[in-house]
Structure formats: structure tokens, C-alpha cells
Amino acid sequence: MEKNLSLEEIQSFKGKFPKQLWYLFFSEMWERFCFYGMRGMLTYFMVHHLMMSETVANLQYGATQAFVYAFTFVGGLFADKLLGFRKSLFWGGLLMITGSCILAVDPKEFFFIGISFTIIGTGFFKPNISTMVGSLYKSDDNRRDAGFSLFYSGINIGALLGGYACIYLGKNYSWNLAFGLAAIVMAISLITFVFTQNSLGPIGLTPTKKDKNGNEIEIKKTNQYLVYLGSLLVIPIIMTLVSKTEYTDYFMYLIGPATLIYLFYEMSKCNKEEKKKLFAALIFIVFSIIFWAFFEQSGGSLSLFAANNLNDKLLGVTADPNGVNNASNSLFVIIFAPILGIIWIAMSKKKIEPNTLIKFGLGFIFLAIAFYVFYATRFFADKNGVTSLDMFTLAYFIITFGELCLSPIGLSIMTKLSTKNLQGVMMGMWFLASAYGQYAAGILGAGMASTGEHATKSEKLITYTDGYYHLAIYALIAGIIIISLSPFIKKLMGNVK
Ligand code: GLN
């Protein structure tokens, strides 16, 4: 493995992608295997083995997701200030392995403690690996979005494999084995990272700080150990918060405003140009909350819609509608993310690549069309309220393009708009938006489910598709707003495209 590459050498790579991207791609792919593997087991396990009601399990699931993404802010913050991205990632990986091992020993007995380790671990791992991808590129390199698109395929390969394999093992063989698999795969992720990290040169090393005389000095080791210790000490608190979902509400009311106050404090130390860029990043973050709130219907209301109102024929072949609901998006991302990446590069060579604002706007337009198609499934229903799985899958096909115009592009723009000392924090805020999106998705989905338990399939079809119609309109409005705000946001972004 090569040593001592300089940042300049790394960032001056030839071809479409830097080779370090592939190393990060594989680490992230295996981490997402573990994460989505766990995520896919949670609700099922809670209902069938912890004997929770479906409502409680759903709330509990929502709380876990919200906490996972909320802790990315904390992980990003400590990476920026004390640990650096590499150590954070390593620590996060260790915690995730520990969490999965605890669950593998006795998932029933140690459920909440295992999950809490995973929550904190993901917080340290997830934002920081994404930030390192951004560091592989010079600030004006227009291959960056394509790199993030490729990285995003890795995420989805892991999600698809893990999402399928873990629950399959759990249901058919043993839950200990299923959680054990997550631990093994997470270990593979970490080993991949450890053995390839030298190729990253100075990227992700522990930050330095300035002393009174302006000299760069090292961060005290004791402060770093305190972060490790602190993250272990909060585990019992997380356990309590996750196991009582009413606390999630309070947590969500608090964490957003608290992070904003912190960001404004950091912004006060920046110059005017930097402030404007960070403000632009914040606008992208706010829009992404709306996007995720709609998109994440997939885990909630769309999975109930799939269970109640869809037939089981996909292009004439028998298929489980819930399986299609869970897997089609990942599959489409895997196929189309690299293709879209190559299209972005080709367009940028011809100087016709749409800028980030237009991509974001397009993301919302695709989202609106997709929800219109979810709505339009009502026109294909039989008299019992059962409608076309083909149309439903078409909507997932369209929504995937929306995701690809927003999610990898969002990661990319965070790395472009953040100042060097706030990279982790801003990436954390990007994922914090997902936490709010997940949280809002649950509330929206619960609103749609309000026809009650005893409604007929036809009544449910009408209520759910009415809901999707409204989401389509709101997504369209959001898309129009972002495109019409583009001259203003463009000014804030300065030289960033
Ligand atoms: N599916 C993507 C991932 O797991 C994006 C998640 C998100 O930001 N909500 O990384």
C-alpha cells in the first residue's frame, strides 16, 4: 500500500474516479449491509419476538431511525473538533460491531443495549466516510457529483444484500446468526478501511488547533479519550430514550434548534463568503427534510399500501408486493446511479451539466411525478380496491431519479459549501435532516392511515392515494420554489456550482 501521498497527488487523479473512492465505496457498502440488515429486522423482531403491538413497533422503529440520523451530527462534530474522520470512523465501526455482537448473543434480552451501540456507532461512522469522499476532490473538480453517485451505488448494493440476507437468516434459521452476520460484515467493512487508509494521505487525520500565538498544535489525547468514554456513557441514556418513544418527540424538538444555535455560533467566526455558503447549505438541508419526509413513506405508508392494495404480478411474473416495495428502489439506484454519474461527467465536458440547484429542483419534480403515479394507481384498481403492482413499481422507478438528483448531490454539495473545520458538522446536519424527514414521514403516514383498522380495501385505496396526490402537489411546489429561489441561492454559493 502506498504511503505518504500528498493531498495534491490524490486530488490530481486521472480518469473518472480516484482509486481511493473504491476503498471507501467498499467500506461503506459493508457498513450499509450491516445497517440495513439490522433495520430490516427491527420491526419484525419487535412484533414477533418482543411481542410488541404493531403500533408500538412502528413508533419504536421510527425512534431508532430518528436517533441514528440525529447522532450523525454528534459524530461529525467530534470528528471535526477532536478525532478526525479516520479515528471517528474506526470508533464508530467498533461500536457497531459491538452492538451487533451483543444482539447476536441474545437479541431478546439485550435488544435495546445492542441497538443503542449501533445508533452511536453509526453516528460516528456514517457522516465521516461521506466527508472523506468529498476530500478526494479539488474544490473546482466537476467529477465530484459523479463520484458521489458511484459511492451511492455502493450504499445501495449493501442495503439490498443486507436487507435481504439478515431477515432471511433470522426468519428461517436463527436470529443470533442474523445479528451475528451483521457483526461479521461490519468487521469486513472496518478491516477494508484499516488496510486501505494509508492511501488517503493526509485526509481524515486528527485535526490540529491553533495556540495563542497562532501555531498549529496537536489535540490532547485525553480529550480524545474523553470522547470515547463519553460515547459509552451516553449509551444507557439512549437506551431509555429509544425504549420510551414519547421521549423521541422531546429529543426531536431539542436537537434541531440546538444544532442551529451551534451552527450560528460557528458561523459568527467565519468571513462573509463562508457565511453565505453555509447559509446556502442550510437551505439545501431544509429542503431535504421535505424530500425525505415524502420519500420515507416507503418504510411506512407505502409498505402498508403494498400489503393491502397491490396485486402480485410484476410484468406478468408473480412477486411479493412488499418485497418489491423494499427492494425495487435499491435495485434501480444500483443500475442508474453509475449511469447518471457518467451522464453528469459527459454533460460537464460539454459544459451543459445542470448546477446543484437545478438538480435539486429536478429531484422534487421527479418526486412529484412519482407520487402522482402512486396516486394514479387508483385508476387501475379492480372493484375490490386491488391495483397494479406494475404501476407502483413505475412510481419507484421515477422516485429513484428524484433520489439520485438530490441525495448523492446533497452529500457532494455539503462537502463543497462547508469550511474545512465544519465539514463533519455540516455532513452531520445533512443527515440530521434525514432524521427529521423520517420523523415527519411517520406523522404523515399515520395521518394517511387514519381511516381506521376496519376500512375496506377500496376505502383504504382512496385515502392513501388521496394522501399521495397531496404529496405530489407539495413536492411540485417545493421544486418550483427551489428553482425560483435559484438566483438568490446561487449568489450565496459564490464560486460553488
Ligand atoms: N439511503 C441513503 C443511505 O443510506 C440515504 C439515507 C438518507 O440520507 N436518509 O445512505
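Look up a bit, the structure's there.
A short tour of the structure in this document, coming up. Just so it is clear, the model here is predicted, and its values are computed rather than measured.

## Describing the overall build of the protein chain
- When you go through the protein chain residue by residue, the secondary structure sums to 18 helices and four strands.
- For 497 residues, the compact-globule estimate of 2.2 N^0.38 gives 23 Å, and the protein chain sits close to it at 22 Å.
- Seen through its principal axes, the protein chain has C-alpha atoms that stretch 75 × 55 × 40 Å.
- By residue count, 52% of the 497 residues in the protein chain fall in the buried class.

## Observations regarding helix 7 (residues 175-196)
- Across its 22 residues, helix 7 extends 32 Å between first and last C-alpha, which sits within 8% of the 32 Å expected from 1.5 Å per residue.
- Looking at helix 7, one finds that the buried residues are Trp175, Ala178, Phe179, Leu181, Ala182, Val185, Met186, Ser189, Leu190, Thr192 and Phe193.
- The inward-facing, buried residues of helix 7 abut helix 2 (19-48), helix 4 (85-105) and helix 6 (144-172).

## Digging into unusual backbone geometry
- Its identity as a non-glycine residue notwithstanding, Met51 has a phi of 55°, on the positive side.
- As for its position among the elements, Met51 is in the loop between helix 2 and helix 3 (54-83).
- C-beta crowding within 10 Å serves as the criterion here: with 10 such atoms nearby, Met51 is assigned to the exposed category.
- Here the phi dihedral of Lys351 falls at roughly 60°; this positive angle occurs in a residue that is not glycine.
- Topologically, Lys351 is positioned in the loop between helix 13 (321-349) and helix 14 (356-376).

## With respect to the site of the ligand
- Neighbouring the ligand are Arg32, Ile155, Trp292, Ser407, Phe431 and Ser434.
- A class-by-class count of the residues in the shell around the ligand yields three nonpolar, two polar and one charged.

## Considering the packing of helix 11 (residues 272-295) against helix 17 (residues 457-484)
- Running from N to C, helix 11 and helix 17 cross one another at 160°; their axes reach a closest spacing of 11 Å. By the angle class used here, helix 11 and helix 17 are roughly antiparallel. Considering the relative orientation of helix 11 and helix 17, their crossing is left-handed. In this structure, helix 11 contributes Phe287, Ile290 and Phe294 to the contact, and helix 17 contributes Leu471, Ala475, Ala478 and Ile482.
- Classifying every residue of the contact of helix 11 with helix 17 gives seven nonpolar, no polar and no charged.

## As for the nonpolar core
- Residues Phe67, Phe366, Leu367, Ala370 and Phe371 are the most contacted members of the largest nonpolar core, which totals 154 residues.
- Ranked by residues supplied to this core, first place goes to helix 15 (residues 389-417) with 15 residues.
- Once residues lying within four places of it in the same chain are set aside, the contact partners of Phe67 are Ile119, Ile238, Leu241 and Val242.

## Some words on the environment of Ile443
- Following the sequence through the fold, Ile443 ends up in helix 16 (residues 423-448).
- Judged by the 11 C-beta atoms lying within 10 Å of it, Ile443 falls in the exposed class.
- It is 9.9 Å that separates the C-alpha atoms of Ile443 and Gly62, two residues lying 381 residues apart in sequence.

## Let's talk about the environment of Phe125
- Note that Phe125 resides in helix 5 (residues 111-135).
- The sequence separation of Phe125 and Leu95 amounts to 30 residues, and the corresponding C-alpha distance is 9.4 Å.
- Setting aside residues no more than four positions away along its own chain, Phe125 makes contact with Glu31, Leu89, Gly92, Gly93 and Met96.

## Quick look at the environment of Asn325
- Residue position: Asn325 is located in helix 13.
- Residues Asn325 and Phe392 lie 67 residues apart in sequence; the distance between their C-alpha atoms is 8.5 Å.
- With near-sequence residues (within four places) excluded, Asn325 lies in contact with Ser298, Leu302, Ser303 and Ala306.

## Description of the packing of helix 11 against helix 14
- Where helix 11 meets helix 14, the axes come as close as 11 Å, and the angle between the chain directions of the two elements is 20°. Relative to helix 14, the element helix 11 lies roughly parallel. As helix 11 packs across helix 14, the resulting crossing turns out to be left-handed. Together, Phe284, Phe287, Phe291, Phe294 and Phe295 of helix 11 and Phe360, Gly363, Phe364, Leu367 and Phe371 of helix 14 make up the contact between the two elements.
- Along the lines of polarity and charge, the residues of the contact of helix 11 with helix 14 split into nine nonpolar, one polar and no charged.

Cut-off values and rules
- Residues numbered from 1 in each chain as written.
- Predicted model: local features only at pLDDT ≥ 70, side-chain atom pairs only at ≥ 80, totals over all residues.
- Helix = DSSP H or I, 4+ residues; strand = E, 2+ residues; numbered from the N terminus.
- Rg over C-alpha atoms; globule rule 2.2 N^0.38 Å.
- Buried ≥ 20, exposed ≤ 12 C-beta atoms within 10 Å, placed from the backbone.
- Expected span 1.5 Å × (residues − 1).
- Contact = placed C-beta atoms within 7 Å.
- Near = placed C-beta within 6 Å.
- Nonpolar A, V, L, I, M, F, W, Y, C, P; charged D, E, K, R; others polar.
- Axes fitted to C-alpha atoms, helices over the stretch in contact; angles between N-to-C directions.
- Parallel < 35°, antiparallel > 145°, perpendicular 65-115°, else oblique.
- Left-handed = near helix turned anticlockwise from the far one by under 90°.
- Core = buried A, V, L, I, M, F, W, Y, C linked by C-beta atoms within 7 Å.

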